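Residue-level structure breakdown
In case you want the letters, here they are:
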Amino acid sequence: MLAKAVFSLGLWLRFAAGQSTPGRGPQLPISNSEGDILFLLDSSGSVSYYEFSKVKEFMWDLVHPFTFGPKDVQTSIIHISTTPTMEFPFDQYLSRETLHKAIQGTQQLMGDTNTGKALSYAKEKLFSDGAGARPDVPKVLVWVTDGFSTDDISEPMQLLKDMGAMVFIVSTGRGNYLELSAAASQPPEKHLHFVDVDDLPIITKELRDAILDVIQANRLHAVDITSSSFHLMWPQLLSQETGYYTIEYAPTDYPARKRTKQVSGAHTSLILSNLAPETTYEVALIPESNIHYFPPQTTRVTTLAEEITPAQVFISESGPHSFHVSWAPTLDSVLGYQILYGPLPGNSVKLLEVDGRSNSTVVENLAPNTTYLVTVTATYRSGKEKSLSAKACTQEEGSKVRHLRFEDMGPNTLKASWDAADGKVQGYRVRCRRQTGPTSVISVSPQVHSVLLTDLASGTTNKVCVKPMYKNQPGKGLCRMVHVQPGELGCKAEPPGHFSQGKVS
């Protein structure tokens, strides 16, 4: 939620500065780029038909200015479903016209959201000659997700990054910020985007420019830029036998502070560290060879501002007597954290202490239906301190909907009913996520415990969630999947244990 708020603020500032939202108008062709771009597309049943079609439009908007070919850009799609599937190999569509038709013709597979399995499959294909991928070209993975996965993603994603893939993530749902920021390439401000599916065009140019930084052919460039380091990458010009590279770098304002490194001709990258924050460096790559002459390549890189923590504080998993507090980023320079919390209004404050390697804790023994002020303070090894606060609300006792059930009310119509939640309910919010057609949200008064759901296509499986609304915050939602049988057979609700309970936003 905080990530979305920060993103929205960024958009407001962009508009206030007089910048317009990037549109879908004509784009100048982009040449001098070489790389394999792989889209990891959520094709599971958790994505509606409308969302899937909008993501396809976004994929084409993102890549259509590129020049495609065996010496230019190649692209492919892997579906996230029960079993991962490659839509087409990298080298099948090498013109704008054929690629556009292929993306338009991509069909949703439905099934489970097995993202971890799809990432392992992507690792095989992104570096495989059999899938049309090429050796020694930049590899880019663009993962478009609604924020949910039924299996672990951390290990296969790290393997992909270790093999050299640059990972960009676009979350159109309520994904876990800490999990996704760890999964994306660093820094997350450049490689992770939170955006509603209808607002994807807003980030298209920014994301395309970031990808372009990776796939510019025959160009020395930097990635993974931090306050004290960056990762240099360049095309393979030499080999172990034909020469070596000299890398020279110095602050633009202080050229006399030039430093030099040498690596063998087998290298195509180097990490420069122990750099000053917020400093622009002039970098030169000089290929040294007695066989071939290659002109030096240069680039200019500016390090980021020195990192501080906590820069963000997140409240989650709120219950009647506890909530989860997490913060980011986690830095080696921090000795430990203090978490102060107390009810509002009030003067009583309690303290928790955790070590500097932690980025979360659980606050317990709280009063229900109460607003708390939570302050996270980082104590640095240097003695400095940095604090950031957030508000948290505990839920009411028993604030959960129970016994969600369905009744067939005629063609394409169901009646959803539930038992009342405990406490002072202000109302209920009912979300119906249709397999085909738009998602609908219905709000009803606290006395109403049923709604009619219409326009449910025959033969589809739809997700229905009910959440009680309280004065300070929503209660826990209850979700079930309901299948609308073809013809006159009515509806069938899957047993609650078959599907995980979820949240309604």
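One can find the structure itself at the top, above this paragraph.
Since the structure is predicted, the reported quantities are computational estimates derived from the model, not experimental observations. (Residues numbered from 1 in each chain as written. Predicted model: local features only at pLDDT ≥ 70, side-chain atom pairs only at ≥ 80, totals over all residues. Heavy atoms only, no water.)

Topic: the pairing of strand E3 (residues 85–88)
With 3 bridges connecting them, strand E2 (residues 73–80) and E3 associate as antiparallel partners. Looking at E3, one finds that histidine 79 is bridged to threonine 85. Between E2 and E3, which follow one another and run antiparallel, lie 4 residues. (Pairing = 2+ DSSP bridges. Helix = DSSP H or I, 4+ residues; strand = E, 2+ residues; numbered from the N terminus.)

Considerations on helix H5 (residues 154–162)
Of all the positions in H5, only Pro156, Met157, Leu160 and Lys161 are classed as buried. With its buried residues spanning 140 degrees around the axis, H5 presents them on a single face. The exposed set on the far side of H5, more than 90 degrees from its buried face, consists of Glu155 and Asp162. Residues of H5 that are buried sit in contact with helix H4 (115–126), strand E4 (139–145), strand E5 (165–171) and helix H6 (177–183). Phi for glycine 164, located one or two positions after H5, is positive at around 110 degrees. (Buried < 20%, exposed > 50% of the residue type's maximum accessible area, 1.4 Å probe, protein only. Arc of directions from axis to C-beta. Contact = heavy atoms within 4.5 Å.)

Comments concerning the sheet that holds strand E18 (residues 360–363)
Strand order in this open sheet of 3 strands is E14-E15-E18, and the pairing throughout is antiparallel. Only two strands of the sheet have a single neighbouring strand rather than two, namely strand E14 (312–316) and E18. Each strand of the sheet is rotated relative to its neighbour by a mean of 20 degrees, with strand direction disregarded. The pairing of strand E15 (residues 323–328) with E18 spans 4 bridges and is classified as antiparallel. What sits directly across from valine 325, in E18, is threonine 361. (Axes fitted to C-alpha atoms, helices over the stretch in contact; angles between N-to-C directions.)

Examining the side chain of threonine 460
With respect to the element layout, threonine 460 can be found in the loop between strand E25 (450–453) and strand E26 (461–469). Look past the residues within four positions of threonine 460 in its chain and what remains in contact with it is Gln435, Thr436, Val482, His483 and Val484.

Notes on the packing of helix H2 (residues 49–63) against helix H3 (residues 96–104)
The interhelical angle for the contact between H2 and H3, taken along N-to-C directions, is 160 degrees, at an axis separation of 9 Å. Taken as axis vectors, H2 and H3 run roughly antiparallel relative to one another. Crossing hand, H2 versus H3: right-handed. Every residue of H3 that contacts H2 at Lys56, Met59, Trp60 and Val63 is listed here: Arg96, Leu99, His100, Ile103 and Gln104. (Parallel < 35°, antiparallel > 145°, perpendicular 65-115°, else oblique. Left-handed = near helix turned anticlockwise from the far one by under 90°.)

Observations regarding the nonpolar core
Counting residues in each nonpolar core, the largest one holds 37 residues, and the members touching the most others are Ile37, Phe66, Val142, Phe168, Ile211 and Ile215. By residue number, the principal contributor to this core is helix H8 (residues 200–215), which donates 8 residues. Filtering out sequence-adjacent residues up to four positions away, valine 142 remains in contact with Ile37, Leu38, Phe39, Leu40, Phe168, Leu207 and Ile211. Within the second largest apolar cluster, 28 residues are counted, among which are Phe90, Ala131, Val167 and Phe194. (Core = buried A, V, L, I, M, F, W, Y, C linked by side-chain atoms within 4.5 Å.)

Some words on the packing of H4 against H5
For the pair H4 and H5, the least separation of the axes is 8 Å and the interaxial angle reads 20 degrees. Classified by the interaxial angle, the pair formed by H4 and H5 is roughly parallel. The chirality of how H4 crosses H5 is left-handed. Residues Gly116, Leu119, Ser120, Ala122, Lys123 and Leu126 of H4 pack against Pro156, Met157, Leu159 and Leu160 of H5. Its residues assigned to classes, the contact of H4 with H5 comprises 7 nonpolar, 2 polar and 1 charged. (Nonpolar A, V, L, I, M, F, W, Y, C, P; charged D, E, K, R; others polar.)

Details of the sheet that holds strand E16 (residues 334–343)
Read from one edge of the open sheet, 4 strands run E17-E16-E19-E20, paired in antiparallel fashion. Lying at the two open borders of the sheet, with one neighbouring strand each, are strand E17 (350–355) and strand E20 (385–393). In this sheet, adjacent strand axes meet at a mean angle of 20 degrees when their direction is disregarded. Looking at chain direction, strand E19 (residues 371–380) and E20 are connected through 9 bridges and run antiparallel. Across the sheet, residue valine 374 finds its bridge partner in E20, namely alanine 390.

Description of the state of the cysteines
Applying the stated criterion across every chain yields a total of 1 disulfide. There is a disulfide in this structure between cysteine 465 and cysteine 479, and the S-S distance comes to 2.0 Å. Handedness here is read from the sign of the S-S torsion; for cysteine 465 and cysteine 479, about 115 degrees, the answer is right-handed. Of this pair, cysteine 465 sits in strand E26 while cysteine 479 sits in strand E27 (residues 478–484), placing them 14 residues apart in sequence. For the pair formed by cysteine 465 and cysteine 479, the shared burial category is buried. (Disulfide = S-S within 2.5 Å.)

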